[in-house]
Amino acid sequence: QETATSKSVDNVNNAGLALHLRGQYAEAEQFYLPALRIAEATFGTRNSDYATVLNNLGQLEFTRGNLAAAERYYQRALDIYVNLYGPVDPMVSSPLTNLGVLRKAQKKYVEAERLLLQALAIDTKANGPAHKSVGTDWNNLGVLAWQRGRKVQAEHMLLLAASIREKALGRTHPDYATSLVNLAR
């Protein structure tokens, strides 16, 4: 039963994610919230399915510009993952990255850098230095360095991100294109 229910949470959450990616935010929320309720009712609030939905709700609120709500969701997801898996488990990387990007948007650059470097260390250890997640980490750090006026450092990080993304994803992937756009600033 637990596996079937976990699959149900995943399906409802993924439907919300698909709508979110299409820019249908109100509709996405109508899937995320039931997924959260199902996960809570079935597994409680200290479960990875519950944390995944919280993280996705955080991304939704970040996209909407509601940074305070996004922060609450990200922090709750991070706390759950750390309690379940420990502070350096790969599951911790996503909410760390999301919190880092949020801090960057809040212009809390020192905290953003700390969080993004922590995510980079986790992703590099878990996946190796040429993994797409590591490319994303370098891209985030490069954009942060650029925003802080560290142009040389930013260029180095963004070149590294582009190189990793090109090899890991190919030249036609949107993430590779994003790296090129960031380099062109």
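Model, not experiment: these values are computed from the prediction.

Asks: Now, about the overall build of the protein: what can you tell me, with residues and values included?
Replies: Along the backbone of the protein there are 9 helices and 0 strands. The helix and strand sequence of the protein, counted from the amino end, reads α-α-α-α-α-α-α-α-α. Compactness check: the protein gives a C-alpha radius of gyration of 17 Å against a globular reference of 16 Å for 185 residues, within 12% of the reference. The principal-axis extents of the C-alpha atoms in the protein amount to approximately 50 × 35 × 30 Å.

Asks: Can you tell me about helix α2 (residues 25-43), naming the residues and giving the values?
Replies: Here α2 spans 26 Å end to end across 19 residues, near enough to the 27 Å set by a 1.5 Å rise per residue. Every buried residue belonging to α2 is among A28, Y32, A35, L36, A39 and F43, and all of these are buried. Each buried residue of α2 lies within a common arc of 105° when the element is viewed along its axis, so the set occupies one face. Exposed residues lying more than 90 degrees from the buried face of α2 are Q30, R37 and A41.

Asks: Please provide a residue-by-residue account of the side chain of N139, values included.
Replies: Relative to the assigned elements, N139 resides in helix α7 (residues 132-147). Setting aside chain neighbours within four positions, we find N139 in contact with L158, A161, R165, T178, S179 and N182.

Asks: Before we move on, could you go through the pattern of salt bridges and cite the residues and values that matter?
Replies: As enumerated under the stated definition, the model contains 7 salt bridges in all. A salt bridge links E61 to R64, with the nearest nitrogen and oxygen atoms 3.1 Å apart. Taken together, the residues E61 and R64, both in helix α3 (residues 48-64) and 3 residues apart, mark about one turn of the helix. We classify E61 as buried; its relative accessible area is 8%. One network of salt bridges, with partners in common, ties together E29, E61 and R64.

Asks: Outline the packing of α2 against α3, supporting the account with residue identities and numerical values.
Replies: For the pair α2 and α3, the least separation of the axes is 9 Å and the interaxial angle reads 155°. As summarised for this structure, α2 and α3 are arranged roughly antiparallel, according to the angle between their axes. In this structure, α2 meets α3 at a crossing whose hand is left-handed. Along the contact surface, α2 presents Y25, A26, A28, E29, Y32, L33, A35, L36, A39, E40 and F43, while α3 presents D49, Y50, V53, L54, N56, L57, L60, E61, T63 and R64. Its residues assigned to classes, the contact of α2 with α3 shows 14 nonpolar, 2 polar and 5 charged.

Asks: Would you mind going over the packing of aromatic side chains in detail, with residue names and values included?
Replies: For the structure shown, the criterion picks out 1 aromatic pair. One cation-aromatic arrangement involves R185 over W146; the distance from NZ or CZ to the ring centre is 4.6 Å.

Asks: Tell me about the packing of α3 against helix α5 (residues 93-105), and name the residues and values.
Replies: Between α3 and α5, the least distance of the axes is 10 Å, while the angle of their chain directions is 20°. Classified by the angle their axes make, α3 and α5 are roughly parallel. Here the hand of the crossing between α3 and α5 comes out left-handed. For the pair formed by α3 and α5, the contact residues are N55, Q59 and F62 on the first element and S94, P95, N98, V101, L102 and A105 on the second.

Asks: Can you lay out the side chain of N13 for me, pointing to particular residues and giving the numbers?
Replies: On the secondary structure map, N13 appears in helix α1 (residues 2-21). Setting aside chain neighbours within four positions, we find N13 in contact with Y32, A35, T52, V53 and N56.

Asks: Residues and numbers for the nonpolar core, please.
Replies: Residues V53, L54, L57 and L96 are the most contacted members of the largest nonpolar core, which totals 28 residues. When contributions to this core are tallied by element, the ones reaching two or more residues are α1, α2, α3, α4 (67-85), α5 and α6 (109-127). In terms of residues, this core owes the most to one element, α4, which gives 7 residues. Those residues in contact with L96, other than ones at most four positions away along the chain, are L78, L115, Q118, A119 and I122. In terms of nonpolar packing, the next biggest core, distinct from the first, is built from 12 residues, A112, W138, M157 and A161 among them.

So, how was this worked out
- Residues numbered from 1 in each chain as written.
- Predicted model: local features only at pLDDT ≥ 70, side-chain atom pairs only at ≥ 80, totals over all residues.
- Heavy atoms only, no water.
- Helix = DSSP H or I, 4+ residues; strand = E, 2+ residues; numbered from the N terminus.
- Rg over C-alpha atoms; globule rule 2.2 N^0.38 Å.
- Expected span 1.5 Å × (residues − 1).
- Buried < 20%, exposed > 50% of the residue type's maximum accessible area, 1.4 Å probe, protein only.
- Arc of directions from axis to C-beta.
- Contact = heavy atoms within 4.5 Å.
- Salt bridge = Lys/Arg side-chain N within 4 Å of Asp/Glu carboxyl O.
- Axes fitted to C-alpha atoms, helices over the stretch in contact; angles between N-to-C directions.
- Parallel < 35°, antiparallel > 145°, perpendicular 65-115°, else oblique.
- Left-handed = near helix turned anticlockwise from the far one by under 90°.
- Nonpolar A, V, L, I, M, F, W, Y, C, P; charged D, E, K, R; others polar.
- Phe/Tyr/Trp six-rings, centres within 6.5 Å; stacked < 30°, edge-to-face > 60°.
- Lys NZ or Arg CZ within 6 Å of the ring centre and 35° of its normal.
- Core = buried A, V, L, I, M, F, W, Y, C linked by side-chain atoms within 4.5 Å.

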